[in-house]
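Structural overview
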Amino acid sequence: MKTVIVGANHAGIAAANTLLDNYKDQQVVMIDSNTNLSYLGCGTALWVGRQIDSYENLFYTNKEAFEAKGARISLETSVTSIDFANHVVHCQKADGTCFDETYDKLVLATGSLPISPKLPGCDLEGISFLKLFQQGQEVDRWMSRDDVRSVAVIGAGYIGVEIAEAAKRRGKEVRLFDIAPTSLASYYDPSFTAVMDKNLADHGIECHFGERVVAYHGENGRVSAIEAEKGTYPADLVINAIGFIPNNELGRDHLELFSNGAYHVDRRQRTSDPDVYAIGDCATVWSNALNAETYIALATNAVRSGIVAGHNIGGTRLDSIGVQGSNGISIFGYNMVSTGLSVAAATRAGLDVCHADYEDLQRPGFMRENASVKIRIVYERESRRVVGAQMASTEDISMGIHMFSLAIEEGVTIDKLKLLDIFFLPHFNQPYNYITMCALGAE
Ligand SMILES: Cc1cc2nc3c(=O)[nH]c(=O)nc-3n(C[C@H](O)[C@H](O)[C@H](O)COP(=O)(O)OP(=O)(O)OC[C@H]3O[C@@H](n4cnc5c(N)ncnc54)[C@H](O)[C@@H]3O)c2cc1C
């Protein structure tokens, strides 16, 4: 059995490892157009902001590791088209030479592409994106220049907010734009984003929320300003972090697609072609909160979907258990984590939800080290099923969100959380734990 995997980043790597580690009869071929594999984009802002020493440890595997396991791997090789009827993948190397690869099973792991707004001036030098390692390097090079004083970041999702922090840490004048009225609007409700927005402003980031960027302006071919609805602002470097679209170029004329163009897959990662699987950012996921197919581009989902595809191709039936879109962010020491749906997201999706809020000290008042913790639990009015949770603190409260992820996955009601056995130890929490207190506060 020969499996060809197109795209050798997080999703493709997970599928390849699953096949190579568990199914010795499998012949695995990996093809990727990039020069490297396994780059952890989550480290770009840490590196650009000099919170880590170098980018070298942001790669967790390499070509040689797969060759040692018996895979054939071609980097700097693009798949130009696929003959789905005859099971042939047409490839072109960086030097222009072409070759074909046949397959029994094909895995599409082609990921996502950053949204590139076609605004006036978009061809100017100094307008960057943050996806590939090479783009992170480019942004870092720009940041290192003394003549780059003003940085404009477009998009205040987690990538935009993180790179805005990094630019500030590098001593730049930073403006952060978003058409939404707050930062992180897709994942958190306003009572949470308000704290993050203040955190950003307190650290000197000029937030322009509810303000659409309409054009880039330049001098001598290089960006010098950004025009938004309420004004024109200096910008020696622009970083676009508006979001991502699934990269469906190879299969869009052949495979069934979701509303945003992602490959529609079943719980075994199979596309509408029985011999073709799709994983990671190019495919849909099943949302347990929505009870519906959706699109959530995260490395965590990419890895899990690769594992599921690998086992099913290898011969072990494995169904995905769905996802909650659990995520976290830490900006200037303020931590926010969420899973499932915010009230706003649930309402947009047509769910009738209630929420419970609670805020308290993390530990008993007698503890010297302490900080406030904020929590919101979102649940369906009728069924009382938990569909989301948000938590925020300067403390590391991140691990608590995983319990809510499991609660959503398992369809647990808010009432079940009220008397849940949660331990107490002053070093960690209060006798009246904030999760218990929040759940008890539910209608
Ligand atoms: C700055 C940044 C920070 C992030 N932080 C986090 C985080 O903290 N946590 C988290 O969970 N997620 C994070 N993500 C998201 C995460 O990186 C993606 O969800 C993940 O990369 C998806 O993996 P993938 O393998 O599906 O796709 P991709 O990483 O997009 O990889 C697709 C691969 O396919 C190759 N390819 C595409 N087309 C072809 C072709 N025709 N021929 C050959 N090769 C092809 C590409 O070269 C690429 O290597 C972050 C993303 C960015 C950009």
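Residues numbered from 1 in each chain as written. Predicted model: local features only at pLDDT ≥ 70, side-chain atom pairs only at ≥ 80, totals over all residues. Heavy atoms only, no water.

Details of unusual backbone geometry
- If you check the backbone angles, asparagine 220 has positive phi at about 50° while not being a glycine.
- Topologically, asparagine 220 is positioned in the loop between β13 (213-219) and β14 (222-228).
- A relative accessible area of 83% means that asparagine 220 is categorised as exposed.
- One non-glycine residue, phenylalanine 332, lies in the positive phi region at around 45°.
- For phenylalanine 332, the location among the structural elements is in the loop between β21 (327-331) and β22 (334-340).
- Using a relative accessible area of 18% as the deciding quantity, one classes phenylalanine 332 as buried. (Helix = DSSP H or I, 4+ residues; strand = E, 2+ residues; numbered from the N terminus. Buried < 20%, exposed > 50% of the residue type's maximum accessible area, 1.4 Å probe, protein only.)

Comments concerning the side chain of arginine 175
- One can find arginine 175 in strand β11 (residues 173-178).
- A polar atom in the side chain of arginine 175 sits 3.0 Å from the side chain of glutamate 206. (Polar contact = N/O pair within 3.5 Å; in protein donor to acceptor, adjacent residues only side chain to side chain.)

A few points about the sheet that holds strand β18 (residues 276-278)
- Spatially, five strands are ordered β3-β2-β1-β7-β18 in an open sheet, and the strand pairing comes out parallel. The open sheet has two edge strands with one neighbour each: β3 (72-74) and β18. Sheet twist, expressed as the mean angle between neighbouring strand axes with direction ignored, is 15°.
- Relative to β3, strand β2 (residues 27-31) runs parallel, the two being bridged by three bridges. Opposite valine 29, over in β3, you have arginine 72 as the bridge partner.
- Relative to β2, helix α1 (residues 10-22) is tilted by about 165°, and along the sheet it contacts β1 (2-6) and β2.
- The strands touched by helix α7 (residues 299-314) are β1, β7 (105-108) and β18; relative to β18, the strand with the most contacts, the crossing angle is about 160°. (Pairing = 2+ DSSP bridges. Axes fitted to C-alpha atoms, helices over the stretch in contact; angles between N-to-C directions. Contact = heavy atoms within 4.5 Å.)

Regarding empty space enclosed by the protein
- Applying the stated rule across the entire model yields one cavity of 30 Å³ or more.
- Reported here for the largest cavity is a volume of approximately 40 Å³.
- As for the largest cavity, its lining consists of Pro114, Ile115, Leu130, Ile159, Asn240, Ala241, Ile242, Gly243 and Phe244.
- In terms of residue class, the lining of the largest cavity is built from seven nonpolar, two polar and no charged. (1 Å grid on protein atoms, 1.4 Å probe; cavity = no way out; pocket = protein on both sides within 12 Å on 5 of 7 lines; lining within 4 Å. Points joined across faces, edges and corners; volume = space filled by probe spheres on them. Nonpolar A, V, L, I, M, F, W, Y, C, P; charged D, E, K, R; others polar.)

Concerning the packing of α1 against α7
- Remark: α1 packs on α7, axes separated minimally by 7 Å, with the N-to-C direction vectors making an angle of 35°. Taken as a pair, α1 and α7 cross one another with a handedness that is right-handed. Packed against α1, whose contacting residues are His10, Ala11, Ala14, Ala15, Thr18, Leu19 and Asn22, the element α7 presents Ala299, Ala302, Val303, Gly306, Ile307, Gly310, His311, Ile313 and Gly314 at the interface. (Left-handed = near helix turned anticlockwise from the far one by under 90°.)

Focus on the layout of surface pockets
- Its volume calculated, the second largest pocket comes out at about 290 Å³.
- Considering the residues around the second largest pocket, the lining is formed by 16 residues, among which Gln362, Gly400, Phe428, Asn429 and Tyr434 are closest to the centre.

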